[in-house]
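Coordinate inspection notes
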Amino acid sequence: MNIIVEKPKKLKGEIEVSGDKSISHRALIFGSISEGITEVSNISKSKDVLSTLNCLKKIGTKIEEREDIVIVEGSKLKEPEDILDCGNSGTTIRLLSGVLSGHPFYSVLTGDSSLKNRPMDRIIKPLKMMGGEIYGRDSNKFPPLTIIGKKLKGINFKMEIASAQVKSCIILATLFADGYTEIEEPYQTRDHTERMLKYFGGEIEKNGSKIIVKGNQKLKGKKIFVPGDFSSSAYFIAASLVIPDSEILIKNVGLNSTRIGFLKVIERMGGKFEILNKKEISGEPIGDIKIYYSEKLKGVEVFPEEVPNIIDEIPLIAVLGSIAEGKTIIKGAKELRVKESDRIKSITTELKKLSADIEEKEDGFIVKGVKKLKASKVNSWQDHRIAMSLVIASFVAEGKTIIENVECVDISFPEFFDKFRQLGIDFSFS
Ligand code: S3P
């Protein structure tokens, strides 16, 4: 499916975005390994979360999907009769590998062509150290993964890459291991797993950059409300900053400090916004964000230690940088090369087609702001975050932009176009 986008007039109104994808995956997984019933409300309806839900059903979890609530009944997991299809979802394959490594049965996990080329050695290594038996294609590098569940033991593990998926995989495996696990992160990554473990009655401690988790824990099912997805909100924040006369309110957004680095970046760029009604629900901070058109954005330098907190928003920062005054520099973001697409290559290639002045670097990019972007035909590379970032770029390009293969937005945010319609923007599809 292709979309034709023109410069819109302005964004006005109030929206709520659907539940956070990272938290939704975790709510389903924690529900399935806890005793009793977990009720999840405001869950993400994304394809990625559906991948987790379907895999959990195949390993014996009873899940009932009602209109506004998903009910998960924790029970003993069982050997799946068939392969587990994780679709496009890195979170599904990496987090479930942690759970499955500690269960005494055989399972095979695979996914689509993008997932089959994403690195899994980063989880295979620590899981093997824990006593797990796990194999991957091409000398244990890529999916499909085969896991033969074993009794695990806790480890001391210093992570080389900052990855919440790797950290969460090890934490989940530890819940089925003897002893304790100590994990050290190079930089703080999103901490939804740690928060949720505590919320489900588990024990986990933080000591500086070290996380200490107790093995063999019993958790209790809970009622959990999933906050609105900050990463989905970021597209509306960016659009309001760059479309003249815009002013919008996004309600009930997750404001976990390990996720909202994008707000710090746009603040430095001169973006105007306010945070209202901050509170905590189900162990996560949540609130409303009001955003105003911000006429003169300035280029910024983004540092390696900030990268994990803006990891999914970096293509969008490239878009903002392409029309901001001066240079925007991103360094230390090599991880982007192993996302759903090589996001350094995909965003630089596509923004160049819109006349942006952007230079690809091994670990990031340098973008010099131009006065105007010009419409053209661009492609999503079948990557949801590239598709949505290109929609925002098209809002500021002169003329009609055609974006090819935008159906991939369903991977994280099926309501993306509808929410823009709610704020007064229309699109035509072809
Ligand atoms: C996620 C962590 C991030 C992020 C991904 C979701 C998670 O990946 O890019 O979209 O839910 O833990 P890494 O932790 O591998 O960087």
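Calculation rules
- Every residue gets a number counted from 1 within its own chain, in the order that chain's sequence is written.
- Note on the predicted model: pLDDT of at least 70 is required for a residue's local features to be given, and 80 or more for side-chain atom pairs to be given and counted; whole-chain, interface and lining totals, by contrast, use all residues.
- Hydrogens and waters are ignored; side-chain quantities use all the structure's heavy atoms.
- Using only the protein atoms, space was sampled on a 1 Å grid; points where a 1.4 Å probe fits but cannot get out form cavities, open sets with protein on both sides within 12 Å along at least five of seven lines form pockets, and lining residues are those with an atom within 4 Å of a point.
- Grid points are joined across faces, edges and corners, and a volume is the space filled by probe spheres set on the points.
- Think of it as three bins: nonpolar holds Ala, Val, Leu, Ile, Met, Phe, Trp, Tyr, Cys and Pro, charged holds Asp, Glu, Lys and Arg, and polar takes everything else, Gly as well.
- Where a domain begins and ends is set by an automatic assignment or by a domain database.
- Only one rule defines a salt bridge in this text: a Lys or Arg side-chain nitrogen within 4 Å of an Asp or Glu carboxyl oxygen.
- Polar contacts, as used here, are pairs of N or O atoms within 3.5 Å; protein pairs need one atom able to donate a hydrogen and one able to accept it. Residues neighboring in sequence count only if both atoms are side-chain atoms.
- Secondary structure follows DSSP: runs of H or I at least 4 residues long count as helices, runs of E at least 2 residues long count as strands, and numbering of each begins at the N terminus.
- For this analysis, residues touch if any pair of their heavy atoms sits within 4.5 Å.
- Exposure classes here rest on a 1.4 Å probe applied to the protein chains alone. A residue is buried below 20% of its type maximum, exposed above 50%, and partly exposed in between.
- Working definition: residue near molecule or strand if any one of its non-hydrogen atoms lies within 4 Å of it.
- Reported accessibility uses the Shrake-Rupley method at a 1.4 Å probe radius. Residues are deemed covered only where the shown protein chains occlude them.
- We call a set of buried residues a nonpolar core when its members are Ala, Val, Leu, Ile, Met, Phe, Trp, Tyr or Cys and they connect through side-chain atoms within 4.5 Å of each other.
- Pairs of strands are assigned from DSSP output, requiring at least two bridges between the strands.
- Between N-to-C directions, angles span 0 to 180 degrees; the directions come from axes that are lines fitted to C-alpha atoms, helices contributing only their stretch in contact.

Within this structure, the stated rule accounts for 2 cavities of 30 Å³ or more. In this structure, the largest cavity occupies an estimated 50 Å³ of space. Considering the residues around the largest cavity, the lining is formed by Asp20, Ile23, His192, Pro227, Gly228, Phe230, Gly254, Leu255, Asn256, Arg259 and Glu284. Broken down by class, the residue content of the lining of the largest cavity amounts to 4 nonpolar, 4 polar and 3 charged. There is about 30 Å³ of room inside the second largest cavity.

The subject of this paragraph is the domain arrangement of the chain. Partitioning the chain into domains gives domain 1 (3–19 + 228–429) and domain 2 (21–225). In this structure, domain 1 and domain 2 have C-alpha centres spaced 29 Å apart. At the boundary of domain 1 and domain 2, one finds 3 salt bridges. Applying the counting rule to domain 1 against domain 2 returns 16 residue pairs in polar contact (both at pLDDT 80 or more). Looking at the side of domain 1 that touches domain 2, the elements with two or more residues in it are strand S19 (284–292), helix H10 (307–310) and helix H13 (384–395). Of the residues belonging to the side of domain 1 that touches domain 2, the class tally is 10 nonpolar, 9 polar and 11 charged.

Moving on to the environment of Ala238. One can find Ala238 in helix H8 (residues 230–242). As for Ala238 and Ile317, which are separated by 79 residues in sequence, their C-alpha atoms are 8.6 Å apart. Each residue touching Ala238, except ones within four places of it in the same chain, is listed here: Phe262, Leu316, Leu320 and Ile392.

We now examine the pattern of salt bridges. Taken as a whole, this structure holds 33 salt bridges when the rule is applied. The residue Glu194 makes a salt bridge to Lys167 at a minimum N-O spacing of 2.8 Å. Note that Glu194 is positioned in helix H7 (residues 192–199) and Lys167 in helix H6 (residues 164–174), a separation of 27 residues in sequence. Here Glu194 falls in the buried class, since its relative accessible area comes to 11%. A salt bridge links Glu350 to Lys353, with the nearest nitrogen and oxygen atoms 3.0 Å apart.

Let us now look at the site of the ligand. Taken together, Ser22, Arg26, Thr91, Ser163, Ala164, Gln165, Arg190, Ile311, Asp312 and Lys339 make up all the residues around the ligand. A distance of 2.6 Å separates an oxygen atom of the ligand from a polar atom in the backbone of Ala164. Summarising the interface, the protein chains cover 95% of the accessible area of the ligand, which totals 390 Å² for the free molecule. Elements supplying a minimum of two residues to the shell around the ligand: helix H1 (21–33) and H6. A class-by-class count of the residues in the shell around the ligand yields 2 nonpolar, 4 polar and 4 charged. When we break the shell around the ligand down by domain, the ones giving at least three residues each are domain 1 (3–19 + 228–429) and domain 2 (21–225).

Looking at the secondary structure, you find Ser89 in the loop between strand S6 (84–85) and helix H3 (90–101). A relative accessible area of 0% means that Ser89 is categorised as buried. There is a polar contact of 2.6 Å between the side chain of Ser89 and the side chain of Thr92. Beyond its immediate sequence surroundings of up to four residues, Ser89 is in contact with His25, Asp48 and Leu115.

Counting 75 residues, the largest nonpolar core has Ile237, Phe262, Leu351, Phe395 and Phe420 as its most contacted members. If you tally residues by element for this core, the top one is H8, at 9 residues. Setting aside anything within four residues of it in sequence, one finds Phe262 in contact with Phe230, Ala234, Ile237, Ala238, Asn309, Ile310, Glu313, Leu316, Ile317 and Leu320. Membership of the second largest hydrophobic core comes to 58 residues, among which are Val40, Met196, Leu197 and Phe200.

Quick look at helix H12 (residues 343–353) now. Those residues of H12 that fall on the buried side of the exposure criterion are Arg343, Ile344, Ser346, Ile347, Thr348, Glu350 and Leu351. Looking at the buried positions of H12, the neighbouring elements they touch are helix H11 (314–323), strand S22 (357–361), strand S23 (364–368), strand S25 (377–379) and H13. Sitting at the head of H12, Asp342 places a side-chain oxygen 3.2 Å from the backbone nitrogen of Ile344. Directly beyond the C-terminal end of H12, a positive phi value near 75° is found at Ser355.

Moving on, we get to the environment of Val307. Along the chain, the position of Val307 falls in helix H10. On the accessibility criterion, Val307 (4% relative accessible area) is buried. Along the chain, Val307 and Ser430 lie 123 residues apart, while their C-alpha atoms are 36 Å from each other. Those residues in contact with Val307 that lie beyond four places of it in its chain are Ile314, Lys331, Gly332 and Ala333.

Pairing is mixed across the open sheet formed by 4 strands, whose spatial order is S4-S5-S3-S16. Looking at which strands have only one partner, the edges of the open sheet turn out to be strand S4 (62–65) and strand S16 (223–225). This sheet shows a mean twist of 15° between the axes of neighbouring strands, independent of strand direction. Strand direction decides the pairing type here: S4 and strand S5 (residues 69–74), joined by 4 bridges, are antiparallel. Counterpart to Ile63 in the pairing with S5 is Val72. Across the face of the sheet, helix H2 (residues 47–58) comes into contact with S4 and S5 while running at roughly 140° to S4.

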